[in-house]
Amino acid sequence: KQISGLGSSAGFVIDKYSFMNTNVELTKRWYETGDEQWLLKASQNFRLSKKFQLKLKYNYKERYLFNKEQKEQTFKILLNSYF
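Residues numbered from 1 in each chain as written. Predicted model: local features only at pLDDT ≥ 70, side-chain atom pairs only at ≥ 80, totals over all residues. Heavy atoms only, no water.

Asks: Before we go on, may I ask you to explain the side chain of Asp35 in this structure?
Replies: The topology assignment puts Asp35 in the loop between β2 (20-31) and β3 (36-47). Looking at Asp35, the relative accessible area reads 8%, which means it is buried. For Asp35, the side chain forms a polar contact with the side chain of Thr33, separated by 2.8 Å. If near-sequence neighbours (up to four positions away) are discounted, Asp35 is found in contact with Arg29, Trp30, Tyr64, Leu65 and Phe66. (Helix = DSSP H or I, 4+ residues; strand = E, 2+ residues; numbered from the N terminus. Buried < 20%, exposed > 50% of the residue type's maximum accessible area, 1.4 Å probe, protein only. Polar contact = N/O pair within 3.5 Å; in protein donor to acceptor, adjacent residues only side chain to side chain. Contact = heavy atoms within 4.5 Å.)

Asks: Got a minute to help me understand the pairing of strand β4 (residues 52-65) in this structure?
Replies: Within a regular strand, side chains alternate between the sheet's two faces. In this structure, β3 lies alongside β4, joined through twelve bridges in antiparallel fashion. Across the sheet, residue Lys41 finds its bridge partner in β4, namely Asn59. Connecting the antiparallel pair β3 and β4 is a turn made up of four residues. (Pairing = 2+ DSSP bridges.)

Set out below in structure tokens:
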């Protein structure tokens, strides 16, 4: 069975001299079943050199499915290399 829904997002990016950038996005979704979902994504990037970038990422999900609340959080640290 396919479920339809409606969503809305808002976010912003701050870029500071190509050395660092910040990205934040907030999303709210409503489903025809009455379920809801919140998503928060945030990341911070730092250019360490011409070839390396450090990225910190945080994701948060909050869902209300069938009158049951579910929460999930993830945090990642990435080192990107460019050739």
